[in-house]
Every structure is written in C-alpha cells, then in structure tokens.
Amino acid sequence: MEMCEKLHNILRYGKVFDFKSDPAAMPLNGIYILYEKGEMGHGGDRVVRIGTHTGKNKLRRRISQHFFKENKSKSIFRKNIGRAILNRENSSYLEIWNYNPTSKVNKEKYKEVINKEFESKIEKQISEYLQKNFYFRLIEMDLVGKRLKFEEKLIGTVSSCKQCGPGSNWFGNYSPIEKIKTSGLWLVQGLGKPGLTEGDLKEIEQHLIKS
C-alpha cells in the first residue's frame, strides 16, 4: 500500500468540519486537510488541499479567512478559486484579478483598473462555492516549525501519488495554473517535495482530531 493511501485511510477517522462547525471545537494550532465534493481517491474522498498557519493560535482565523473573509489578498486559496471562476467564463478580468493590491504602491498603481464591485461579486461566488463543496479535517500541532515541516511532507506525499488525481469534472480543471490542474491540488507550493515516513503517519494518527 502506497503512503498516500495509508494517509487517506488514517485521515478518514478524523472528525469532519465544515463552514458551519463551531470554531470552539477546533484546536488553536494545527494543519487543515481539505476535501471537495465529487473528488475521489483511494476508495473515498480525495484530499485537495493541505495548509497551516504561522501565527500562534491562528488556526481558526485561517479557516475563517478561507471560508468567510471575502478578501483574496488574505487567502491564496480563495484567489485560486476566483481564477478558476474567471477562467471558466473566459473573463478578461483574470489578468487584473492576479494583481496584488495590498501594498501602498500597488494600491495606487492599480486603482484605476480594479473594479471593486465586480470583485465583490466574484468573492461572493467564491464563498458560495467553498461553503457548498468543501469540508475539512484537522491535525493538532502546536509548534510552528513542526507544523510547517508536516505540511510540506503531507503535500509532498499527496502530490507525488500516481493513484489519486483530479476527476474529469473537478472544478480545478478550469484553473489557468498548470500545476493546479496536473496535481489535482488547490496549491502550487511544496509539490513533489519529500513525503511522509511511517513514523510521521503514526504521529498524524495520534494528533488527528477525532469525533
């Protein structure tokens, strides 16, 4: 059995959370494992994104930034979903969507081309899609260095697997980013990096939030 299949089997014992879940039931620090309706792998739902946070006690905030906070500048995940929405519609606004207006210089540079009303509409579509189609499981992990290390190993394991990949109807197939389409993951960082060991799997099983 490949490592990715073992990982998926372990994660399926984890408690299922979604956007309606009580944040108080979530740990303060950890790694989130996202699933998307319709995406299958290793005999069940397939992992489509893995992420964590760097700030102390910020896991709940990070989840909120993805599901609720309608600001693509705070969530590359939201930005990538927006890219897929715009690309599916062959929207010329995709180029502008890719801008990063967070710095003072960029705010001034792009203020004439950014359509805030249109972007608000896309942000609402992103929230609707996320809340309707995604759920997640959580691995509690307090130390930031350890979280980042495990995040990279998890991504490396899933992205290197030849047995699970995107379905023909996966929404990510609309992404203009080739790495997202080919990996079947809503991310580009950490793809193909060294994966988990058997010892890592045991630790994940110990720290997985269960029902």
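Residues and numbers for the environment of L28, please.
Looking at where L28 falls in the secondary structure, it is placed in the loop between α1 (3-11) and β1 (30-41). According to the relative accessible area criterion, L28 is partly exposed, its value standing at 38%. For the pair L28 and V16, spaced 12 residues apart in sequence, the C-alpha separation works out to 16 Å. Residue contacts for L28: discarding those within four places in its chain leaves H53, N57, K58, L59 and R60.

Can you explain the environment of F68? Please cite residues and give values.
Looking at the element boundaries, F68 is found in the loop between α2 (59-67) and α3 (76-88). In the structure, F68 is positioned 100 residues away from S168 in sequence and 28 Å away in space, judged by C-alpha atoms.

Explain the pairing of β1 to me, using residue names and the numbers behind them.
It is a general feature of regular strands that their side chains alternate between the two faces of the sheet. With nine of 12 residues buried, β1 lies mostly within the body of the structure. Here seven bridges tie β1 to strand β3 (residues 134-140), and the two strands are oriented antiparallel to one another. Bridge pairing links G30 to E140 in β3. The pairing of β1 with strand β2 (residues 44-51) spans six bridges and is classified as antiparallel.

Cut-off values and rules
Here, residues in each chain are numbered from 1, in the same order as that chain's written sequence. The model is predicted, so local features are restricted to residues of pLDDT at least 70 and side-chain atom pairs to those at 80 or more, both for listing and for counting; the totals for chains, interfaces and linings are taken over all residues. As a rule here, side-chain values cover all heavy atoms of the structure and leave hydrogens and water aside. Numbering of helices and strands starts at the N terminus; helices are DSSP runs of H or I of at least 4 residues and strands are runs of E of at least 2. Burial here depends on accessible area, computed with a 1.4 Å probe over protein chains only, as a share of the maximum for the residue type. Under 20% is buried, over 50% is exposed, and the range in between is partly exposed. Only heavy atoms matter for contacts: two residues are in contact if any of them lie within 4.5 Å across the pair. Whether two strands pair comes down to DSSP finding at least two bridges between them.

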